[in-house]
Every structure is written in structure tokens, then in C-alpha cells.
Amino acid sequence: MKFSQKIRSLATSKFPANIPQTVDRHFFFTVGIGVIPCSRNQTCQGPNNTRLAAAINNVSFVQPNTALLQAHFFNQSQGVYTNDFPANPPFKFNYTGTPPNNTNVKTGTKVAVLAFNTTVELVMQDTSIVSAESHPLHLHGFNFFVVGQGFGNFDRNKDPPKFNLVDPAERNTIGVPSGGWVAIRFRADNPGVWFMHCHLEVHTSWGLKMAWLVMDGKRRNQKLPPPPSDLPKC
């Protein structure tokens, strides 16, 4: 943590750090491990014969059979995904303290929808359900600025005034501290559907991922181009 907090952008006139100074949408994501019921007639290695799963805001992502980008472009989302990914955890608890009695997560294919050019502030909070771990979260399609991080539970009143909005590091992957939180900001100026997932392969396979759906802008160069004519149909 001490090392990563020393990393700064150049923030010069030649290489400016264009950190969003105002925020249109605030998101708070809990990131961690949970459990789902074991399939009938199977033996699972989780607590009380459950199966380990990973989730963001208690949603363990289910990979669809149809590509999200394809379903979005052709306006055929029904049966592929829903646009109701929660902006906040479904219920509050002591995220880095004693886990709640119910550690089950829900499964689904949900995306968070952003209007073009929306400025986003996202706080990602590790949880101690099953175990506290550092999760390296990678965002496709964008770079973001790491404006703050700390241990324990994020405090909406005390922590934001300490954010670095002058020369924070610009990255596309950041480790959510074990038993802590990290705050990032980015501008959604790249239309399409973009995964954000844990870079620990076992965790992303367990469902520790979600997708941002960024809508088209008004100008021609702000719209998602069609797929190439030779795109494989299989």
C-alpha cells in the first residue's frame, strides 16, 4: 500500500492528468467471495457443502452464450442480459468485519448502463466473506485514475476529502486492498460493452466480473461502428 500510494502521474502541461473534477454517477461495489448452493447429487468443497463463488455487489456473473456487444448493437438483449446491475450493495454490513449469516450470492448476467461521456466515480470495497483478499480489478476499454485507497471500510464522509485529484496514477488495473478499498474515476467516452473483472483467473471463472454498457454519443465519431462484414457467424 505504501509503495502504490507513491505512484503519481507526471501531471505537466505536456502530459496533463485529466482527472474528472466533477462526478455524474457514483458507484460503490463490494468485491469478494461468497457461496452458492451445491448442485443436486454433487459434493462441493465450500462450507456446508456449498460451492465457492465470487461476486460484485452480490452478483456472480454468468457468461452468456451470445456476445454482450453483439446483443447490444442489434438491440437483442432479451434473454442475454439485463441492464440493472446494482450501483450499491443490496444490503449493508460490516464489510471487513464479521461476515453476515447469509453468505449466498445471486447469479445473473447484468450490465451497468452509462450515457456517453458520463464521469464515473467507483469505490471498490473488499469483503471478508469467506476470506479477505487483494483482488486485481482490470477494466477494458478505458484508463482510470486511482484517486484514493485505504484499509477497513470506506467512509463516504471522511475519505473523499482526502482524494488526490491533482496527480493520481492513471491505470487500467488496480488491486483492491485486502480488507480495504480503492476509489477510481474515469470518463465513459468509449461506446460499447466493456468487461471489468478480477485478474485472478479462478476468481473471474467464479463470477467476479461485470460489464459497463456505454451508450452512443450524438456525433458520428461517438457511435459504436457495426461489426465487420467478415465477422464469423459461429
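Residues numbered from 1 in each chain as written. Predicted model: local features only at pLDDT ≥ 70, side-chain atom pairs only at ≥ 80, totals over all residues. Heavy atoms only, no water.

Under an unreviewed UniProt entry, the name given to the protein is Putative laccase, and the organism recorded is Tripterygium wilfordii. The UniProt entry for the protein carries the following comment under Sequence similarities (unreviewed entry): "Belongs to the multicopper oxidase family." (UniProt positions renumbered as here; feature names shortened; annotations may be inferred.)

Q: Mind showing me how you'd approach the overall build of the protein here?
A: Tallying secondary structure elements over the protein gives three helices and 13 strands in all. Rg of the C-alpha trace for the protein: 19 Å, near the compact-globule value of 17 Å for 234 residues, within the 12% margin. With respect to the three principal axes, the spread of C-alpha positions in the protein is 60 × 50 × 25 Å. Scored against the burial criterion, the 234 residues of the protein give a buried share of 45%. Considering only contacts within the protein whose residues lie at least 6 apart along the sequence, 81% involve residues at least 24 apart. (Helix = DSSP H or I, 4+ residues; strand = E, 2+ residues; numbered from the N terminus. Rg over C-alpha atoms; globule rule 2.2 N^0.38 Å. Buried < 20%, exposed > 50% of the residue type's maximum accessible area, 1.4 Å probe, protein only. Contact = heavy atoms within 4.5 Å.)

Q: Any chance you could explain the environment of Leu208 here in plain terms?
A: With respect to the helices, strands and loops of the structure, Leu208 is situated in the loop between helix H3 (201-205) and strand S13 (209-214). Not counting residues within four places of it along the chain, the set of residues in contact with Leu208 comprises Val31, Gly32, Ala54, Ala55, Ile56, His135, Leu137, His197, Cys198 and His203.

Q: Even after reading the chapter, I still don't get the pattern of salt bridges, so can you show me in this structure?
A: Side-chain pairs of opposite charge can arise whenever the charged atoms involved come near each other. Overall, the coordinates contain four salt bridges when judged by the stated rule. Arg156 is the partner of Glu121 in a salt bridge, and the nearest nitrogen-oxygen pair spans 3.3 Å. Residue Glu121 is located in strand S6 (residues 118-126), and its partner Arg156 is located in the loop between strand S8 (144-151) and strand S9 (169-171); the two are separated by 35 residues in the primary sequence. A single network of salt bridges, built from pairs that share partners, joins Glu121, Arg156 and Arg185. (Salt bridge = Lys/Arg side-chain N within 4 Å of Asp/Glu carboxyl O.)

Q: Explain the UniProt feature "domain: Plastocyanin-like" (unreviewed entry) in the protein here, please?
A: UniProt marks residues 85-216 with the feature "domain: Plastocyanin-like" (unreviewed entry), using the numbering shown here. Taken end to end, residues 85-216 is 4% helix and 44% strand, and its first and last C-alpha atoms sit 19 Å apart.

Q: Sorry, what's going on with the pairing of strand S1 (residues 25-37) here?
A: Side chains on a regular strand alternate between the two faces of the sheet. Of all 13 residues in S1, 10 are buried, a share of seventy percent or more. Taken together, the seven bridges between S1 and S6 define a ladder with parallel strand orientation. Within S6, the position partnered with Thr30 by the bridge is Gln125. In this sheet, strand S2 (residues 50-56) lies alongside S1 in antiparallel orientation, the contact comprising seven bridges. Residue pairing in the sheet places Pro37 in a bridge with Thr50 of S2. (Pairing = 2+ DSSP bridges.)

Q: Just to check I follow, could you spell out the side chain of Gln125 for this structure?
A: Assignment of secondary structure puts Gln125 in strand S6. Here the side chain of Gln125 touches Gly180 through a polar contact of 3.3 Å, landing on its backbone oxygen. In this view, Gln125 contacts Phe28, Phe29, Thr30, Val31, Tyr95, Thr96, Gly152, Asn153, Phe154, Val176, Gly180 and Trp181; residues no more than four positions away in its chain are not counted. (Polar contact = N/O pair within 3.5 Å; in protein donor to acceptor, adjacent residues only side chain to side chain.)

Q: Could you clarify how one ought to interpret the nonpolar core in this entry?
A: Soluble globular proteins tend to pack their nonpolar side chains together in the buried interior. Counting residues in hydrophobic clusters, the biggest one holds 30 residues, and the most contacted among them are Phe29, Leu122, Met124, Phe186, Met196 and Trp212. Phe29 has contacts with Ile56, Asn57, Phe85, Pro86, Ala87, Leu122, Val123, Met124, Gln125, Met196, Met210 and Trp212, leaving out every residue within four places of it along the chain. Among the nonpolar cores identified, the runner-up in size contains 13 residues, and Ile19, Phe28, Ile129 and Ala183 belong to it. (Core = buried A, V, L, I, M, F, W, Y, C linked by side-chain atoms within 4.5 Å.)

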